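# Descriptive structure summary
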Amino acid sequence: TTMSLTFESVRTILLQVIAIFLVIVLHEVAHGYVAHRLGDPTAKQQGRLTLNPLAHIDPVGTILVPLALIILGLPAFGWARPVPVNPRYFRNPLRGMMIVALAGPMTNFVLAGLGIGIVRLLVNNVPLPLLIESTAAALVVQSILLFAVMFAVYNVVIGIYNLIPVPPLDGSRVLLYFLPPRAKEFWIGLERYGLILIVLVFLLIGRVSPLGSALNTLINWMLTPA
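In short, a report on the structure.

Parameters and conventions
- Residues numbered from 1 in each chain as written.
- Predicted model: local features only at pLDDT ≥ 70, side-chain atom pairs only at ≥ 80, totals over all residues.
- Heavy atoms only, no water.
- Helix = DSSP H or I, 4+ residues; strand = E, 2+ residues; numbered from the N terminus.
- Buried < 20%, exposed > 50% of the residue type's maximum accessible area, 1.4 Å probe, protein only.
- Contact = heavy atoms within 4.5 Å.
- Core = buried A, V, L, I, M, F, W, Y, C linked by side-chain atoms within 4.5 Å.
- Axes fitted to C-alpha atoms, helices over the stretch in contact; angles between N-to-C directions.
- Left-handed = near helix turned anticlockwise from the far one by under 90°.
- Patch = residues over 30% accessible without salt bridge, like charges linked within 9 Å, V, L, I, M, F, W, Y side chains within 5 Å.
- Areas by Shrake-Rupley, 256 points an atom, 1.4 Å probe, with all protein chains shown as cover.
- Salt bridge = Lys/Arg side-chain N within 4 Å of Asp/Glu carboxyl O.
- Phe/Tyr/Trp six-rings, centres within 6.5 Å; stacked < 30°, edge-to-face > 60°.
- Expected span 1.5 Å × (residues − 1).
- Polar contact = N/O pair within 3.5 Å; in protein donor to acceptor, adjacent residues only side chain to side chain.

### Remarks on the overall build of the chain
- Scanning the chain from N- to C-terminus turns up ten helices and zero strands.
- Order of helices (α) and strands (β) in the chain, N terminus to C terminus: α-α-α-α-α-α-α-α-α-α.
- In terms of overall dimensions, the chain has C-alpha extents of about 60 × 40 × 35 Å along its principal axes.
- Residues classed as buried in the chain amount to 42% of the 226 residues present.
- Long-range contacts, defined as pairs at least 24 residues apart, comprise 71% of the intrachain contacts of the chain with a sequence gap of at least 6.

### Some details on unusual backbone geometry
- The omega angle of the peptide bond from Pro-167 to Pro-168 is 0°, so this bond is cis rather than trans.
- Here Pro-168 shows up in the loop between α6 (136–162) and α7 (170–178).

### Some remarks on the nonpolar core
- If you look at the biggest cluster of nonpolar residues, it comprises 20 residues, and the most contacted ones within it are Tyr-154, Tyr-161 and Ile-164.
- Where this core is concerned, the elements lending two or more residues are α1 (2–37), α6 and α9 (194–208).
- Here the element with the most residues in this core is α1; it accounts for six residues.
- Of all hydrophobic cores here, the second largest spans 17 residues; its members include Val-119, Leu-122, Ala-152 and Met-222.

### Describing the packing of α6 against helix α10 (residues 211–223)
- For the pair α6 and α10, interaxial distance at closest approach is 11 Å and the crossing angle is 150°. Read as a crossing pair, α6 and α10 show a hand that is right-handed. Across the interface between the two elements, Leu-145, Val-149, Ala-152, Val-153, Val-156, Val-157 and Ile-160 from α6 touch Leu-211, Leu-215, Leu-218, Ile-219, Met-222 and Leu-223 from α10.

### Notes on a nonpolar patch on the surface
- On the surface, Val-60, Ile-63, Leu-64, Leu-67, Ile-71 and Trp-79 cluster together into a nonpolar patch covering about 550 Å² of accessible area.
- Summarising the element assignment, Leu-67 is placed in helix α3 (residues 59–71).
- Taking relative accessible area as the criterion, Leu-67 reaches 33% and is therefore assigned partly exposed.

### Describing the packing of aromatic side chains
- By the definition in use, this model includes two aromatic pairs.
- Here the aromatic rings of Phe-147 and Phe-151 are separated by 5.8 Å at their centres, their planes lie at 15°, and the arrangement is stacked. Of this pair, Phe-147 and Phe-151 are both found in helix α6, four residues apart, which corresponds to roughly one turn of the helix.
- On the accessibility criterion, Phe-147 (21% relative accessible area) is partly exposed.
- Note on Tyr-177 and Phe-178: the rings are 5.1 Å apart at their centroids and 85° apart in plane angle, and the pair reads as edge-to-face.

### Section: α3
- Between its terminal C-alpha atoms α3 stretches 17 Å, which fits the 18 Å expected from 13 residues at 1.5 Å a residue.
- When we look at burial in α3, the residues that qualify are Gly-61, Thr-62, Pro-66, Leu-69 and Ile-70.
- Among the residues of α3, the N-terminal cap falls to Asp-58, whose side-chain oxygen and the backbone nitrogen of Val-60 are separated by 3.0 Å.
- Immediately beyond the C-terminal end of α3, within one or two residues, lies Gly-73, with a positive phi of roughly 80°.

### Focus on the pattern of salt bridges
- Under the criterion given, the structure shown has one salt bridge.
- Between Arg-11 and Glu-8 there is a salt bridge, with its nearest N and O atoms 3.2 Å apart. Residue Arg-11 and its partner Glu-8 are both found in helix α1; the two are separated by three residues, about one turn of the helix.
- Overall, Arg-11 belongs to the buried group, its relative accessible area being 11%.
- Residue classification places Glu-8 among the partly exposed residues on the basis of a relative accessible area of 35%.

Given below as structure tokens:
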């Protein structure tokens, strides 16, 4: 019916927004937390070591872009307001920035594992009727399952995307650490073109990436009972 179709689409959009919101906020908090552990108090002083989403919202990246992509039926993507990091507080600034950069994607992969674990637990232990009925209890279970799948997939996507070595993505900070001095200068100079580079990479990945089929394989595996 039209009503159930509307409920389905509203529920899906709502769960997608919450999932991607959580994924990108936790990614940023991980950067700030690790920077704090390495001696940089900047994120803590600016109130960014919190899970309060209001502290991390970027009106465009956290709300408009993901919502527009979801409504258009495209893969959801977004970003939070970057957590401020001051490398001058680190004993070895380049090494410190590399560790802080890796903290975001590594956190995403750990959270993806958590999401996968929840999906597998439900698929293998919940009676089949609860996964297909329309009762209140079944709808709750289905919503948790759907959310866990989205949470796992978005964490994988955001984690992999951020490891791409293009400024200002996290992978760029990792690569910078290993570059020879002259190449480091050139690489730092690319930062100003960051937004253009990210758009180009995003378009290129959309055309040539095997990520889509890999994600479908992951989803199928998650949802297939052992």
